[in-house]
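Here are the chains, one letter per residue:
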Amino acid sequence: MQRDMHYFCTFAMARAAGIPDADANAIAYASQFVDDSTRYSSEAHRDGGLLFGITTAHTLLEALARSTSDRVTKLEDQRKVWVPFHFFPGGAGDSFYEKIICVKDGELVNEMFKNNLSVALAKDYGLELLGITAHVYADTFSHYGFSGMSSLFNKVAQDSLHEENTSTKGVRSTLFHALNVVKDSVFGESAEQATAALGHGPVADLPDRPYAEWSFAYEEECRGRDLQSSRKNHQTYLEYCEKIYGYFRQFAESRYGASCLIPFEEMRVELGRLLKKGKELDEREANWKTSALTAGVAAYDPEEWENDKKKFAHGISSRDGIATHVYRFHQAAAYHRYHVLKDMLPSHGIAVY
Ligand SMILES: [Zn+2]
């Protein structure tokens, strides 16, 4: 999904569930920042303290540079970044590559959510952890059927892709597509071969556009997944809205003893309208901004927390820096990555990292 969903929609659901505006903004920011926290750079405070950043995504240039680097680095990125933060394994099937395929609203991602929710209620970095968790959960409603590692199971049968209502055919701008194109021209390989079928590269950014109605067939049979896939993204995105609202309700009740601000059923029509309206991201974001559902949402600037990271080094003391959103975001990201890769997935027999 993109910023219209990870930021604006997530804010709207948190607010409607009864989470106060300031906290709903922090949750939504953390949810979107998963896509924007691409830098490792960390500077130590003069008192010796350090905020060490966790990379939760890669920019196009970084991904491109790293994809041509050695195999170990490339695989590390897939295992440490794409799998835990964007393509949560569903655990279906028998083989490793079947098990890491993302499943929409799957059992494993819900197990992860329940764990993170209880941790979020107990920790100072709870809002940031809840935001990260919302991002990972949301992505299962768009990335399902694909995995975060190069895999034959990600391959899409040639000429099987049909788009029903996309006016932007051929104009694809996401990381995966750009990666395909650039690598294609650099190495002269077919786009699919060049990315070794990473993530949903073979279908470009169709999974991430809320209005898209499209269908395709995978090249490889695999247990726990139909060969043919026919999708109306706005329907699955609406499912995300309802489910994340439910999780936010639990948090609102436990943390603030709050009842909901807006019952979900009262939003269903408006959400359906927002999910189908607008094609490009800026248009879709403008629609969300003018909806009453996002009253109280702050403007999103990806540099805001990144700049706070820089300020950490020059603040009064590193101890004070611990209370900033950005420090807590990196605490939460590190916790999530550890829990998923070293604790939860291995307990299901899945050794990603
Ligand atoms: Zn993502």
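Residues numbered from 1 in each chain as written. Predicted model: local features only at pLDDT ≥ 70, side-chain atom pairs only at ≥ 80, totals over all residues. Heavy atoms only, no water.

## Focus on the side chain of arginine 225
- By secondary structure assignment, the location of arginine 225 is in the loop between strand E2 (213-217) and strand E3 (228-232).
- A polar contact is formed between the side chain of arginine 225 and the backbone oxygen of phenylalanine 153, at a distance of 2.8 Å.
- At 3.2 Å, the side chain of arginine 225 forms a polar contact with the backbone oxygen of glutamate 220.
- Sequence-distant contacts of arginine 225, that is, excluding residues within four places in its chain, are made with Ile101, Gly145, Phe153, Tyr218 and Glu220. (Helix = DSSP H or I, 4+ residues; strand = E, 2+ residues; numbered from the N terminus. Polar contact = N/O pair within 3.5 Å; in protein donor to acceptor, adjacent residues only side chain to side chain. Contact = heavy atoms within 4.5 Å.)

## Here we look at the pattern of salt bridges
- Inspection of the entire model under this criterion finds 18 salt bridges.
- Between aspartate 205 and arginine 209 there is a salt bridge whose closest N-O contact spans 3.1 Å. Of the two residues examined, aspartate 205 and arginine 209, each falls in the buried class.
- Taking the shortest distance from any N to any O, the salt bridge between lysine 311 and aspartate 308 comes out at 3.2 Å. Of the two residues, lysine 311 and aspartate 308 both sit in helix H13 (residues 303-312), three residues apart, roughly one turn of that helix.
- By relative accessible area, which is 54% here, lysine 311 ends up exposed.
- Aspartate 308 sits in the partly exposed class, given a relative accessible area of 21%.
- Here the residues in one salt-bridge network are Arg39, Glu303, Glu306 and Lys309, joined through shared partners. (Salt bridge = Lys/Arg side-chain N within 4 Å of Asp/Glu carboxyl O. Buried < 20%, exposed > 50% of the residue type's maximum accessible area, 1.4 Å probe, protein only.)

## A few points about the confidence of the model for the protein
- Per-residue confidence for the protein gives a mean pLDDT of 88, with 87% of residues at or over 70.
- A low-confidence stretch, residues 168-194 stays under pLDDT 50, and its non-local contacts, those more than four residues away or across chains, total 50 contacts. (pLDDT = per-residue confidence, 0-100.)

## Side note on the packing of helix H1 (residues 3-16) against helix H2 (residues 21-36)
- Relative orientation of the contacting elements H1 and H2 amounts to 155 degrees, with a least axis distance of 8 Å. Taken as axis vectors, H1 and H2 run roughly antiparallel relative to one another. Where H1 crosses over H2, the two elements pack in a sense that is right-handed. Contact with H1, carried on its side by Arg3, His6, Tyr7, Thr10, Phe11, Ala14 and Arg15, involves Asp21, Ala24, Asn25, Ile27, Ala28, Tyr29, Ser31, Gln32 and Asp35 of H2 and no other residues of that element.
- Partitioned by chemical class, the residues of the contact of H1 with H2 number seven nonpolar, five polar and four charged. (Axes fitted to C-alpha atoms, helices over the stretch in contact; angles between N-to-C directions. Parallel < 35°, antiparallel > 145°, perpendicular 65-115°, else oblique. Left-handed = near helix turned anticlockwise from the far one by under 90°. Nonpolar A, V, L, I, M, F, W, Y, C, P; charged D, E, K, R; others polar.)

## Brief notes about H1
- Given a rise of 1.5 Å per residue, 14 residues ought to cover 20 Å, and the 19 Å separating the end C-alpha atoms of H1 matches this to within 8%.
- At cysteine 9, H1 is deflected by roughly 30 degrees, the largest bend along its length.
- With respect to burial, H1 is a largely interior element, 13 of its 14 residues being buried.
- Where H1 ends, the next residue or the one after it, glycine 18, has phi of about 105 degrees, a positive value. (Expected span 1.5 Å × (residues − 1). Bend = angle between axes of the 7 residues up to and from the residue.)

## Structural notes on the environment of valine 326
- Note on placement: valine 326 falls in helix H15 (residues 325-347).
- With relative accessibility at 0%, the residue valine 326 sits in the buried group.
- For the pair valine 326 and glutamate 304, spaced 22 residues apart in sequence, the C-alpha separation works out to 9.0 Å.
- Once residues lying within four places of it in the same chain are set aside, the contact partners of valine 326 are Phe33, Leu51, Trp305, Asp308 and Lys309.

## A closer look at the side chain of aspartate 208
- Position of aspartate 208 among the secondary structure elements: in the loop between helix H9 (191-194) and E2.
- Buried within the structure, aspartate 208 lacks any salt-bridge partner; its nearest side chain of opposite charge belongs to arginine 209, at an N-O separation of 8.1 Å.
- A distance of 2.6 Å separates the side chain of aspartate 208 from the backbone nitrogen of methionine 1, its partner in a polar contact.
- In terms of polar contacts, aspartate 208 uses its side chain to reach the side chain of histidine 143, at 3.3 Å.
- Setting aside anything within four residues of it in sequence, one finds aspartate 208 in contact with Met1, Gln2, Ser142, His143, His200, Asn233, Tyr237 and Arg284. (Lys, Arg positive; Asp, Glu negative; His and termini not counted.)

## Side note on the packing of aromatic side chains
- Scanning the model with the defined rule gives 22 aromatic pairs in all.
- Pairing phenylalanine 146 with phenylalanine 216 gives two aromatic rings, centres 5.8 Å apart and planes at 25 degrees, and the pair type is stacked. Here phenylalanine 216 lies in strand E2 and phenylalanine 146 lies in the loop between helix H7 (126-143) and strand E1 (162-163), a separation of 70 residues in the sequence. Taken as a pair, phenylalanine 146 and phenylalanine 216 share a single burial class, namely buried.
- Counting every residue linked through ring pairs, the aromatic cluster contains Tyr7, Phe8, Tyr29, Phe33, Tyr300, Trp305 and Phe329.
- Above the ring of tyrosine 218, the side-chain terminus of arginine 225 is found at 3.4 Å from the ring centroid.
- Of note, arginine 231 hangs over the ring of tyrosine 144, and the distance from its end group to the ring centre comes to 3.8 Å. (Phe/Tyr/Trp six-rings, centres within 6.5 Å; stacked < 30°, edge-to-face > 60°. Lys NZ or Arg CZ within 6 Å of the ring centre and 35° of its normal.)

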